[in-house]
Amino acid sequence: MRFRRPFRRPFLLAVLLAVSCALAAPPARADRCTDIANQLKEQVDNLKVGITAANIIYLSHPLAKEMSLGCANRKYANELYVKGDGRKPKAEFLAFVAGAAAIVFTLPKDELLKGVSGCMSRMGIFRGDDVSIRYRRLDMNCTRTKTDAAIAISRGLDQ
């Protein structure tokens, strides 16, 4: 009497299916920086996503004269740069920057508002027009000219 293996073929089919799924290419997906830009577009009113050039996504908003989102490179993981009108930015501008930075760096908005307003308020006669601070593992660099003020917020690669 000869015994047959009853499940030989379905088992072989299951093994071949598992191997083919493992070797298949992963589905196409946008990179992390584009995902962050789309989150900003969805969560911030009147924000428009512009072109991408050299790992920088240019954004536009009525409160910002210039705005960009820098993608990961050798020095930092992400960078948010916002330039506003006026030498002394208004509270609406500071709240806008803090809200955008909260989305990019996944930190609470009220904590980032403290950091952004602290960086902007330190510029003056004693410290000059270019101030760099470190707040909540973020590097903030505030600069101003005679006509406008700007802030660059970034997180280092080791953070």
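Predicted model only: the values in this text are computed from it and were never measured.

Draft legend 1. Fine view of the overall build of the protein chain. In terms of regular secondary structure, the protein chain is built from 4 helices and 7 strands. The linear arrangement of helices and strands in the protein chain, starting from the amino end, is α-α-β-β-β-β-α-α-β-β-β. Per-residue burial for the protein chain yields a buried fraction of 36% across its 159 residues. Look at the contacts in the protein chain between residues 6 or more apart in sequence, and 42% of them connect residues 24 or more apart. When the accessible area of the protein chain is evaluated, it comes to approximately 10900 Å², of which 56% is carbon and sulfur surface.

Draft legend 2. Layout of the sheet that holds strand 7 (residues 148-156). Reading across from one edge, 1-2-3-4-7-6-5 is the order of the 7 strands in this open sheet, with antiparallel pairing throughout. What marks the edges here is a single partner per strand, and that holds for strand 1 (48-53) and strand 5 (130-135). Sheet twist, expressed as the mean angle between neighbouring strand axes with direction ignored, is 15°. Examined bridge by bridge, strand 3 (residues 64-70) and strand 4 (residues 76-85) share 6 bridges and lie antiparallel to one another. Along strand 4, the bridge assignment pairs Ser-68 with Tyr-81.

Draft legend 3. A look at the nonpolar core. Counting residues in each nonpolar core, the largest one holds 38 residues, and the members touching the most others are Met-67, Val-82, Ile-151 and Ile-153. Apart from the residues within four sequence positions on either side, Met-67 is in contact with Leu-47, Ile-57, Tyr-58, Leu-59, Leu-80, Tyr-81, Val-82, Phe-96 and Ala-100.

Draft legend 4. How the structure looks around the packing of helix 2 (residues 32-43) against helix 3 (residues 91-105). At a minimum axis separation of 9 Å, helix 2 and helix 3 run at an interaxial angle of 140°. One element, helix 2, and the other, helix 3, form an angle in the oblique class. In this structure, the crossing between helix 2 and helix 3 has a hand that is right-handed. Contacts between helix 2 and helix 3 pair Ile-36, Gln-39, Leu-40 and Gln-43 from the former with Ala-100, Ile-103 and Val-104 from the latter. Here the residues of the contact of helix 2 with helix 3 sort into 5 nonpolar, 2 polar and no charged.

Draft legend 5. Looking closely at the pairing of strand 5. Sheet topology places strand 5 next to strand 6 (residues 138-144); 6 bridges connect them, and they run antiparallel. Its bridge partner lying in strand 6, Ser-132 is registered against Asn-141. With antiparallel pairing between neighbouring strands as the criterion, strand 5 and strand 6 make up a hairpin whose turn holds 2 residues, including Arg-136 at a positive phi of roughly 55°.

Rules and cut-offs
Residues numbered from 1 in each chain as written. Predicted model: local features only at pLDDT ≥ 70, side-chain atom pairs only at ≥ 80, totals over all residues. Heavy atoms only, no water. Helix = DSSP H or I, 4+ residues; strand = E, 2+ residues; numbered from the N terminus. Buried < 20%, exposed > 50% of the residue type's maximum accessible area, 1.4 Å probe, protein only. Contact = heavy atoms within 4.5 Å. Areas by Shrake-Rupley, 256 points an atom, 1.4 Å probe, with all protein chains shown as cover. Pairing = 2+ DSSP bridges. Axes fitted to C-alpha atoms, helices over the stretch in contact; angles between N-to-C directions. Core = buried A, V, L, I, M, F, W, Y, C linked by side-chain atoms within 4.5 Å. Parallel < 35°, antiparallel > 145°, perpendicular 65-115°, else oblique. Left-handed = near helix turned anticlockwise from the far one by under 90°. Nonpolar A, V, L, I, M, F, W, Y, C, P; charged D, E, K, R; others polar.

What is shown is where atoms sit, not what they do.
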